[in-house]
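# Analysis of the macromolecular model
Residues per chain are reported as follows:
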Amino acid sequence: SQELEQSPQSLIVQEGKNLTINCTSSKTLYGLYWYKQKYGEGLIFLMMLQKGGEEKSHEKITAKLDEKKQQSSLHITASQPSHAGIYLCGADTAGTASKLTFGTGTRLQVTL
Amino acid sequence: GAVVSQHPSWVICKSGTSVKIECRSLDFQATTMFWYRQFPKQSLMLMATSNEGSKATYEQGVEKDKFLINHASLTLSTLTVTSAHPEDSSFYICSARRTGGGGTEAFFGQGTRLTVV
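Residues numbered from 1 in each chain as written. Chains lettered and ligands numbered in written order. Predicted model: local features only at pLDDT ≥ 70, side-chain atom pairs only at ≥ 80, totals over all residues. Heavy atoms only, no water.

### Some words on the environment of A:Asp92
- Mapped onto the elements of the fold, A:Asp92 is located in strand 9 (residues 85-92).
- For A:Asp92, a relative accessible area of 3% puts it in the buried group. (Helix = DSSP H or I, 4+ residues; strand = E, 2+ residues; numbered from the N terminus. Buried < 20%, exposed > 50% of the residue type's maximum accessible area, 1.4 Å probe, protein only.)

Dropping the structure here:
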């Protein structure tokens, strides 16, 4: 099985709706990184979580890391077309802080 | 924030030729850089870890003679796809971590799309 599972694989939401993307690791996380990617382009860093129970927000995006440090969620409030893209979670399970294992990604479409 | 630049952004080459991709950290030093590969609609797969001044560490299943990595300075790592074939067509992306300074964020380049015809 995958070391890092991301769900859902794809998501279509109406503009203004909220959504949540989940990332579950089979190993304890030293760090969990959330990135956004537009197809064929580089990754845009969103947030990094390290401590159990940690929660960070930036504009309308909130990410949480559970107490056991094996699951993270990314929540977007009042989605906009600009939120469309591929969201990837990257896990540091070795403590190297930059050698990351990536989830399969969640493709988000926001309809008008 | 820190910037990682990849060059070229895209390249088309003939089958059998070699292609070099550069990854530069523009405003910080990076002892270690990472090379990933991404197939269409799939996630990033780590290919190798590039270490300044020493040999790269390759992930299982990645041919080191096929994908040559050189990390000659603290700001530059190169990936050379040798004797490229159509199945090597993919999106290649590098990342770098700032050396020292306590930073833990991984900075990614903008990626290189390789098409082998």
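Still more ground to cover, so stick around.
### Observations regarding the nonpolar core
Residue and element names in this part refer to chain B.
- Counting 24 residues, the largest nonpolar core has Val4, Trp35, Leu79, Tyr92 and Leu114 as the members making the most contacts within it.
- Looking at this core, the elements with two or more residues in it are strand 2 (10-13), strand 3 (19-25), strand 4 (32-38), strand 5 (44-51), strand 7 (67-73), strand 8 (76-81), strand 9 (90-97) and strand 11 (112-116).
- Beyond its immediate sequence surroundings of up to four residues, valine 4 is in contact with Cys23, Arg24, Ser25, Phe28, Cys94, Ala96, Phe107, Phe108, Gly109 and Gln110. (Core = buried A, V, L, I, M, F, W, Y, C linked by side-chain atoms within 4.5 Å. Contact = heavy atoms within 4.5 Å.)

### Here's the deal with the state of the cysteines
- Applying the stated criterion across every chain, the model contains two disulfides over all chains.
- Residue A:Cys23 pairs covalently with A:Cys89 via a disulfide, S to S 2.0 Å. The S-S bond linking A:Cys23 to A:Cys89 shows a torsion near 75°; that makes this disulfide right-handed. Of this pair, A:Cys23 sits in strand 3 (residues 19-25) while A:Cys89 sits in strand 9; the two residues are 66 residues apart in sequence, bridging distant segments of the chain.
- Relative accessible area serves as the criterion here: at 0%, A:Cys89 is assigned to the buried category.
- Here B:Cys23 connects covalently by a disulfide to B:Cys94, the sulfurs 1.9 Å from one another. Between B:Cys23 and B:Cys94, the S-S torsion sits near 85°, and that sign places the bridge as right-handed. You can see B:Cys23 sitting in strand 3 and its partner B:Cys94 sitting in strand 9, a full 71 residues away along the chain.
- Overall, the relative accessible area of 0% leaves B:Cys23 in the buried class.
- Exposure remark for B:Cys94: the relative accessible area of 1% places this residue in the buried category.
- Cysteine B:Cys13 remains unbridged, with the sulfur of B:Cys94 as its closest cysteine sulfur at 18 Å. (Disulfide = S-S within 2.5 Å.)

### Section: the interface of chain B and chain A
- Taken together, the contact pairs 21 residues of chain B with 21 residues of chain A.
- Between chain B and chain A the total buried area reaches about 1,600 Å² when both faces are included, carbon and sulfur atoms providing 57% of it.
- Inspection of the region where chain B meets chain A yields zero salt bridges.
- Inspection of the region where chain B meets chain A yields four residue pairs in polar contact (both at pLDDT 80 or more).
- Breaking the side of chain B that touches chain A down by element, the ones donating at least two residues are strand 4, strand 5, strand 9 and strand 10 (106-108) of chain B.
- Considering every element that reaches the side of chain B that touches chain A, the biggest residue donor is strand 9 of chain B, with four residues. (Buried area = accessible area lost by both parts, 1.4 Å probe. Salt bridge = Lys/Arg side-chain N within 4 Å of Asp/Glu carboxyl O. Polar contact = N/O pair within 3.5 Å; in protein donor to acceptor, adjacent residues only side chain to side chain.)

### Some remarks on unusual backbone geometry
- For the bond from A:Ser7 to A:Pro8, the omega torsion is -5°, close enough to zero to count as cis.
- Tracing the backbone shows A:Pro8 in the loop between strand 1 (4-7) and strand 2 (10-14).
- The omega torsion across B:His7 and B:Pro8 is 0°, close enough to zero to call that bond cis.
- The residue B:Pro8 is located in the loop between strand 1 (4-7) and strand 2 in this model.
- With a phi angle near 55°, A:Glu59 is a residue other than glycine that sits in the positive phi range.
- Within the secondary structure, A:Glu59 sits in the loop between strand 6 (55-58) and strand 7 (61-65).
- The backbone of A:Lys69 sits at a positive phi, close to 60°, despite the residue not being glycine.
- On the accessibility criterion, A:Lys69 (23% relative accessible area) is partly exposed.

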